[in-house]
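Residue-level structure breakdown
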Amino acid sequence: MDGGEITDSRQALDNKQGRVNERGTSVEHSDSDHGGKSLSARESEIMSLIADGHTNGEIASSLFLAEKTVKNHVRSIYSKLGVGSRPAAIAHWVDFARHASRAASTRPHSASGAP
């Protein structure tokens, strides 16, 4: 898989999970379940790629980072999510996405179209 496909996959996931602003830019993933700690935009981007099944090496290549930098981000993500493994982080991420999706679909909108 090349960098373009990874970016397209990440953007599709961000759109699906409501984590893209009106300009199409990924926004920070935050959730009170993280004990008040929210993932940075870069950590969210990396977590999306992890959830898509990409290795640290693939993520590093697509984001033009050293693999060691990705590993540091992964360690920080695990700490913030309160997990100790990749599968646990993915499960937490998917659960959050489901919860966020439900919350967004039940949120009332004003007549002006603003949330």
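The following paragraphs examine the structure supplied in this document. (Residues numbered from 1 in each chain as written. Predicted model: local features only at pLDDT ≥ 70, side-chain atom pairs only at ≥ 80, totals over all residues. Heavy atoms only, no water.)

Where the residue is not glycine, phi is negative for most of them; where a peptide bond is considered, it is trans in most cases. Phi is positive for F64, which is not a glycine, with a value near 55 degrees. Among the structural elements, F64 can be located in the loop between α3 (56-63) and α4 (67-81). On the accessibility criterion, F64 (78% relative accessible area) is exposed. (Helix = DSSP H or I, 4+ residues; strand = E, 2+ residues; numbered from the N terminus. Buried < 20%, exposed > 50% of the residue type's maximum accessible area, 1.4 Å probe, protein only.)

Note that soluble globular proteins tend to have their nonpolar side chains buried in a common cluster. Counting residues in each nonpolar core, the largest one holds 16 residues, and the members touching the most others are I46, M47 and I59. Among the secondary structure elements, those contributing two or more residues to this core are α2 (41-51), α3, α4 and α5 (86-106). Element by element, the count of residues in this core is highest for α4, at 5 residues. Residues contacting I59, with those up to four places away along its chain left out, are I46, L49, I50, H54, V70 and R86. (Core = buried A, V, L, I, M, F, W, Y, C linked by side-chain atoms within 4.5 Å. Contact = heavy atoms within 4.5 Å.)

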